Amino acid sequence: AQTVTQSQPEMSVQEAETVTLSCTYDTSESDYYLFWYKQPPSRQMILVIRQEAYKQQNATENRFSVNFQKAAKSFSLKISDSQLGDAAMYFCAYRSVGGNKLVFGAGTILRVKS
Amino acid sequence: EPEVTQTPSHQVTQMGQEVILRCVPISNHLYFYWYRQILGQKVEFLVSFYNNEISEKSEIFDDQFSVERPDGSNFTLKIRSTKLEDSAMYFCASSEGFGDPRKETQYFGPGTRLLVL
């Protein structure tokens, strides 16, 4: 069974600075998807970024980028130019290609200081 | 942008009562999911649903739980006889299909906070 680990329960960043959230996972599969979801205090879980395991290039979405290290089974999220609206719980998640379920990590609370 | 919606946002019920949680998935999505998050714990998969059938369920999804798509827009989760340990946030999600990453991406609703007393 796949597992996802987020070792940082909480992180803080100063507004306009950069922060990196860590995620590791365990799987025996060679093809899969990895996701970062953001859950602001209003509760709606929003997709931040997606990475396909067969792609070597790291995904980017505006200020959000990932560092995907397949051999190390690591998938970190970098947030550049942090904004107050980035404050949220961030979940790392894994899904098999063609599979049904997402497997989530425990989440990292990100606080942004002004 | 289309969103998954869920009602109610909060539900308080007595132990042993039945509850129905409702979800309206994104309109062109064909795959539907329920997840739950007990306070302080990970988000856990409960069930996936496609073509009016359960396609996968977790060990949490026992006989007390059922899902239904009663019409063309709603997707419901029923808990027949609630227990204290069913208290959690329940999230509905939907995805368009399979075959490419964009279609397989799941989009979540805001959740229903269920409290069983």
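Below, the structure is looked at part by part. All residue numbers refer to positions counted from 1 along the written sequence of the respective chain. In the order they appear in the text, chains get letters beginning with A and ligands get numbers beginning with 1. Since the coordinates come from a predicted model, pLDDT governs what is reported: local features require at least 70, and pairs of side-chain atoms require 80 or more to be given and counted, while whole-chain, interface and lining totals use all residues. Working from all heavy atoms in the structure, the side-chain values ignore hydrogens and water.

Topic: the overall build of chain B
Step number 1: The numbering of helices and of strands both runs from the N terminus, where a helix is a DSSP run of H or I of at least 4 residues and a strand a run of E of at least 2. Across its full length, chain B holds 1 helix and 11 strands.
Step number 2: From first element to last, N terminus to C terminus, chain B shows the α and β order β-β-β-β-β-β-β-β-β-α-β-β.
Step number 3: Scaling as 2.2 N^0.38, a compact globule of 117 residues should have a C-alpha radius of gyration of about 13 Å, and chain B matches this with 14 Å.
Step number 4: Residue exposure (1.4 Å probe, protein chains only): buried if accessible area is under 20% of the type maximum, exposed if over 50%, otherwise partly exposed. In chain B, which comprises 117 residues, the share counted as buried stands at 49%.
Step number 5: The contact rule is simple, with two residues in contact once any of their heavy atoms fall within 4.5 Å. Within chain B, contacts between residues at least 6 apart in sequence are counted, and of these 55% link residues at least 24 apart.
Step number 6: Each accessible area value is a Shrake-Rupley result obtained with a 1.4 Å probe; residue values ignore everything except the protein chains displayed when judging cover. Total accessible area computed for chain B in this model is approximately 5,800 Å², and 47% of it derives from carbon and sulfur atoms.
Step number 7: Charged side chains of chain B number 11 positive and 16 negative; the gap between the two group centres comes to 2 Å. A radius of gyration in this sense is built from C-alpha atoms; the matching globule rule multiplies 2.2 Å by the number of residues raised to 0.38. Only four residue types enter the tally: Lys and Arg on the positive side, Asp and Glu on the negative side, with His and both chain ends excluded. Note that the charge is assigned to NZ on lysines, CZ on arginines, CG on aspartates and CD on glutamates.

Some words on the interface of chain B and chain A
Step number 1: Listed by partner, the interface residues are 26 residues for chain B and 24 residues for chain A.
Step number 2: Using a 1.4 Å probe, buried area is obtained as the accessible area two parts lose upon being combined, added over both of them. Among the residues of chain B in contact with chain A, Lys42(B), Pro101(B) and Phe108(B) are the three that bury the most area, contributing 26% of the side total.
Step number 3: Any carboxyl oxygen of Asp or Glu that lies within 4 Å of a side-chain nitrogen of Lys or Arg is treated as forming a salt bridge with it. Seen at the junction of chain B and chain A, the total is 0 salt bridges.
Step number 4: Any N or O atom pair separated by 3.5 Å or less is treated as a polar contact, with the protein-specific requirement of one donor-capable and one acceptor-capable atom, and with residues adjacent in sequence counted only for side-chain atom pairs. Counting across the interface, chain B meets chain A through 11 residue pairs in polar contact (both at pLDDT 80 or more).
Step number 5: The set of elements that each furnish at least two residues to the side of chain B that touches chain A consists of strand E4 (31-37), strand E5 (43-50), strand E6 (53-57), strand E9 (88-95), helix H1 (101-104) and strand E10 (107-108) of chain B.
Step number 6: Each residue gets one of three labels, nonpolar for Ala, Val, Leu, Ile, Met, Phe, Trp, Tyr, Cys and Pro, charged for Asp, Glu, Lys and Arg, and polar for the others, Gly among them. In terms of residue class, the side of chain B that touches chain A is built from 12 nonpolar, 8 polar and 6 charged.

Limitation: the analysis is restricted to geometry and does not speak to function.
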